[in-house]
Amino acid sequence: MKVPSITAPSNLNLEKKKKNAFLTAVQKYKLLYLMILPGLVYFIIFKYMPMGGLVIAFQDYQPFLGITGSPWVGFKHFIRLFTEPTFMMLLRNTLILFALNIVIFFPLPIIVALMLNELRNRHLKTWIQTIIYIPHFMSWVIIVSITYVFLTVDGGVINEMIASMGGQKISFLTSPEWLRTMYIGQIIWKEIGWSTIIYLAAITVVDPQLYEAAEMDGAARLRKTWHVTLPAIRPVIITLLILKIGSTLDLGFEHMYLLLNSLNREVAEIFDTYIYTAGLKNGQLSFSTTVGLFKGVVGLILVMASNKLAKKMGEDGVY
Amino acid sequence: MKKRWVSMLACVTVLSTLLSACGGDKEAAKNAAVADENAPLELTWLNILHTASPPTETIKSLLEEYTNTKITFNWVPDASKEERITTALASGELADIVTLTMMTNSSVRSSLKSGLFWDVGPYLDDYDNLSKIAPEIREAASIEGVLYGVPFQKNLARSGLIFRKDWLDKLGLPVPTTLDEVYEIARAFTEDDPDGNGVDDTTGFGDRSDLKYSSFKTLSSYFGTPNGWKVDENGKFTPEFDTQEYMDTMNFSRKLYENGYLAQDFAVTAKTDQQQQFAQGKTGIYTGMVDISSLRTLAQDLQEGLELVPVNKISNGDGQYRIWSEGSGVGGLMAFPKSEVKTEAELKRLLQFINDLIDEEAFMLMTGGIEGTHYEYDENGAYKVLNTELWQADVQPFSSSRPSEIAYTLKDANPEKQLANELIRENDKFAVLNPTVPLDSATNNEQGTELEKIITDATFKYIMGQSTEADFKKAVQTWKDSGGSKITEEYEAAYKLTQK
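Remember, predicted model here, so these are calculated numbers, not experimental data. (Residues numbered from 1 in each chain as written. Chains lettered and ligands numbered in written order. Predicted model: local features only at pLDDT ≥ 70, side-chain atom pairs only at ≥ 80, totals over all residues. Heavy atoms only, no water.)

**Student:** Report on the pairing of strand E1 (residues 41-49) of chain B, specifying residues and quantitative values.
**Tutor:** Residues and elements named next belong to chain B. Burial analysis of E1 places 7 of its 9 residues in the buried class, the great majority of the element. Summarising the sheet, E1 and strand E2 (residues 69-77) pair through 9 bridges and their orientation is parallel. Bridge pairing in E2 links Ile48 to Val76. With helix H3 (residues 57-67) bridging E1 and the parallel E2, this β-α-β connection has right-handed handedness. Where E1 and strand E3 (residues 97-100) come together, 2 bridges link them in parallel fashion. Counterpart to Trp45 in the pairing with E3 is Ile97. (Buried < 20%, exposed > 50% of the residue type's maximum accessible area, 1.4 Å probe, protein only. Helix = DSSP H or I, 4+ residues; strand = E, 2+ residues; numbered from the N terminus. Pairing = 2+ DSSP bridges. Right-handed = clockwise from strand over helix to strand, strands pointing away.)

Below is the structure:
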């Protein structure tokens with residue numbers, strides 16, 4: 001009988017203490033908390049307040065009438081999205097490209113980072129790093145234009161080479177079957193160097209004693225990489241993988257939009273390009289908001305799921 | 001005309017010191033219209049920029065003096081006009097005058113219909129230049145009988161082909177008059193080494209990833225395809241791509257493509273690349289007569305002995321000429337949003353401004369610039385640009401903002417350009433109009449642009465030999481099922497109303 005009477009106040013105390021602890025922390029680190037403020041304000045203004053605009057997904061939004069004046073239509077746009085034949089195409093294309101991103105592109109920077117780590121010549125290492133960073137600073141327009149110049153049938157370098165060797169010219173730019181190869185190739189070219197940065201940074205903090213110990217046990221280079229370096233950067237890999245999955249459906253609007261044409265639309269149209277053409281170009285603001293909302297929700301679910309999975313596997317996850 | 005110009009120039013010189021001396025009677029006229037307006041009118045103009053960079057101040061300040069205004073331009077590059085204009089409409093961030101060129105774009109149409117802009121129809125007749133806008137043009141620019149802005153007046157049809165005349169002469173081929181001859185030229189330009197360098201490095205037809213402004217639509221006119229829609233005597237509508245003529249055009253292009261007479265990557269080629277290919281002597285046929293002088297400028301120092309010939313009269317063998325008309329002579333609207341232009345007095349002042357821009361003096365400022373600096377008239381009275389670079393920087397951006405391109409005709413000192421200009425005027429005689437220009441269809445406003453993609457994609461695929469006639473017919477059926485049939489019905493209903 002006494003137990004509840006004791007626990008209740010103690011619980012209250014605990015809460016009070018918690019609150020007090022927070023307040024004292026704020027008081028103690030005033031400056032630090034002040035420093036968060038701009039960031040918080042930024043997120044509220046630019047990330048949370050615009051979310052209010054999502055309500056137009058449930059309206060037939062007319063700019064002239066505004067959110068308050070536009071008629072509410074319930075799930076009309078969602079029904080249209082899920083019943084349109086384009087939906088399956090968009091989902092398929094988006095998921096396939098995403099899978100390529102994860103399966104082909106994601107491991108590459110890790111491999112490159114491990115390889116760079118094995119280089120003993122410091123100068124050569126920095127030189128290679130610099131060279132492979134550079135494409136990251138070029139815009140997609142430039143990357144795609146360079147590809148165009150190389151691959152076009154009308155006098156492109158690659159096709160001229162194929163022709164001079166007696167081969168048949170290949171219309172890379174207009175064939176659906178080349179689109180995915182081109183897409184992933186361009187990403188590798190542009191981003192591989194830049195993505196190694198974090199892995200290289202993670203590798204530098206590996207305790208050298210571990211290597212020494214491994215060496216004592218007779219491990220050769222490959223063994224050391226496999227049993228020391230790789231496990232050491234595992235948390236970083238997992239974290240980055242979760243973050244990557246979070247942006248599943250963000251495959252890079254600009255990149256795809258530049259590659260998209262009438263001939264490869266069936267494999268190249270993804271949610272991002274569809275939102276742009278349907279929403280901004282044709283002015284169907286409500287419908288494209290619906291598509292965007294759907295995309296966001298799927299991304300959120302995937303992040304939460306993969307985070308949970310990571311925790312189950314004994315990793316830290318991202319939150 | 002020359003005389004008036006001299007006086008104008010004199011005025012301009014005097015103006016810099018004595019502002020009131022010149023605009024005297026102009027201002028008086030304005031004062032009569034709006035009693036309390038003596039100071040220059042400050043106005044903003046959301047306008048489309050067709051050049052790489054906005055114009056310098058030179059012409060703008062002269063225009064301001066002439067019209068007694070203070071203009072702030074908000075330039076939207078032509079390439080990004082779709083998203084910029086639709087976002088401007090959506091966010092309500094407009095200007096006193098908004099240039100709307102994409103009259104078929106769904107969001108433009110829906111905002112026009114939602115009453116965002118003033119109905120200018122009742123006012124036009126109060127202004128001497130605006131009152132001259134032909135009733136057909138007013139009708140074509142209206143939506144359900146309401147004119148939501150002052151129409152840009154253009155020539156009815158501006159399309160045509162440009163051939164390398166020096167290549168034709170070299171191969172002993174005539175300037176074509178039939179489609180068969182065009183095909184033969186495309187073949188010869190590809191296979192018979194027209195540049196005489198002994199290397200197989202030329203393609204007859206250059207083209208780009210655009211069915212409308214590139215060769216396809218022009219060729220389809222030659223085949224007799226209706227422009228947009230065919231209307232029979234019973235008022236039944238058929239979309240152009242559901243006709244035999246459209247199929248014939250596709251087969252023609254497909255044959256060109258298969259044999260390599262058409263640039264192989266045309267479906268991914270941009271306009272600038274297409275022009276470069278022509279200027280570098282890789283292709284010999286170009287669509288779009290208006291570009292003739294820019295092609296020549298581009299080819300300078302690259303192609304020796306380059307000669308060009310614009311051609312507009314090509315028949316499918318029956319001796320009849322046809323050419324599609326864009327917007328029935330309407331290049332878009334200068335619209336006045338009610339959110340910016342609050343009173344009728346303000347609207348009238350802006351209409352006066354546009355009216356003044358059609359005066360010959362303002363027209364010449366926007367076309368040629370300043371006589372003696374940018375252009376001159378030669379001994380034959382032909383117009384000639386003196387300094388192309390200066391003209392491009394100061395004047396060119398304004399030339400596509402002229403409220404009327406047909407108010408005055410200039411004789412061009414460049415014979416090729418002059419010929420192209422004459423042919424464009426001649427096109428008026430056999431222009432094929434799009435019957436849906438003055439009609440409205442709710443479904444088309446909402447989904448039209450997207451549905452069009454189905455047909456565009458299918459057409460490209462067919463031309464490039466990636467699909468069969470059955471596939472194309474299937475695409476047409478998809479178009480119908482996804483809303484096309486509804487569009488057809490709505491147009492038929494709207495058409496019936498206009499016929500009564």
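Still to come is the rest of the account.
**Student:** How would you explain the layout of surface pockets if you had to name every residue and give the values?
**Tutor:** Empty space within the second largest pocket amounts to approximately 860 Å³. Lining of the second largest pocket is provided by 25 residues; of these, Thr86 of chain A together with Lys453, Ile454, Asp457 and Thr478 of chain B occupy positions nearest its centre. Of all the elements in the fold, those that place two or more residues in the lining of the second largest pocket are helix H5 (85-105) and helix H15 (265-268) of chain A together with helix H18 (442-463) and helix H19 (469-499) of chain B. The leading source of residues in the lining of the second largest pocket is H18 of chain B, at 8 residues. When the residues that make up the lining of the second largest pocket are grouped by side-chain class, the tally is 8 nonpolar, 6 polar and 11 charged. (1 Å grid on protein atoms, 1.4 Å probe; cavity = no way out; pocket = protein on both sides within 12 Å on 5 of 7 lines; lining within 4 Å. Points joined across faces, edges and corners; volume = space filled by probe spheres on them. Nonpolar A, V, L, I, M, F, W, Y, C, P; charged D, E, K, R; others polar.)

**Student:** Provide a residue-level description of the interface of chain A and chain B, including the pertinent values.
**Tutor:** Of the residues lining the interface, 28 residues belong to chain A; the matching set on chain B comes to 32 residues. With both sides pooled, the region where chain A packs onto chain B buries about 2500 Å², and carbon together with sulfur makes up 48% of that total. On the chain A side of the interface with chain B, the three residues burying the most area are Phe64, Asp154 and Leu263 of chain A, jointly 23% of the side's total. Joining chain A to chain B, the criterion identifies 4 salt bridges. Taking the shortest distance from any N to any O, the salt bridge between Lys461 of chain B and Glu266 of chain A comes out at 2.8 Å. Across the chain A-chain B interface, the total number found is 9 residue pairs in polar contact (both at pLDDT 80 or more). In terms of residue count, the dominant contributor to the side of chain A that touches chain B is helix H16 (residues 271-281) of chain A (6 residues). Taken together, the residues that form the side of chain A that touches chain B break down as 13 nonpolar, 9 polar and 6 charged. (Contact = heavy atoms within 4.5 Å. Buried area = accessible area lost by both parts, 1.4 Å probe. Salt bridge = Lys/Arg side-chain N within 4 Å of Asp/Glu carboxyl O. Polar contact = N/O pair within 3.5 Å; in protein donor to acceptor, adjacent residues only side chain to side chain.)

**Student:** Can you tell me about empty space enclosed by the protein, naming the residues and giving the values?
**Tutor:** Summed over all chains, the structure comprises 2 cavities of 30 Å³ or more. Of the volumes computed, that of the largest cavity is approximately 50 Å³. Considering the residues around the largest cavity, the lining is formed by Phe205, Asp207, Leu211, Ser215, Phe216, Leu219, Ser253, Leu256, Leu262, Phe266 and Ile463 of chain B. For the lining of the largest cavity, the elements supplying multiple residues, two or more each, are helix H9 (215-223) and helix H10 (244-258) of chain B. The dominant element in the lining of the largest cavity, judged by the number of residues it contributes, is H9 of chain B, at 3 residues. Here the residues of the lining of the largest cavity are counted per class, giving 8 nonpolar, 2 polar and 1 charged. Taken as a whole, the second largest cavity encloses approximately 30 Å³ of empty space. Lining of the second largest cavity is provided by Gln62, Pro63 and Phe64 of chain A together with Ser110, Ser111, Ser114 and Leu116 of chain B. Class assignment for the residues of the lining of the second largest cavity results in 3 nonpolar, 4 polar and no charged.

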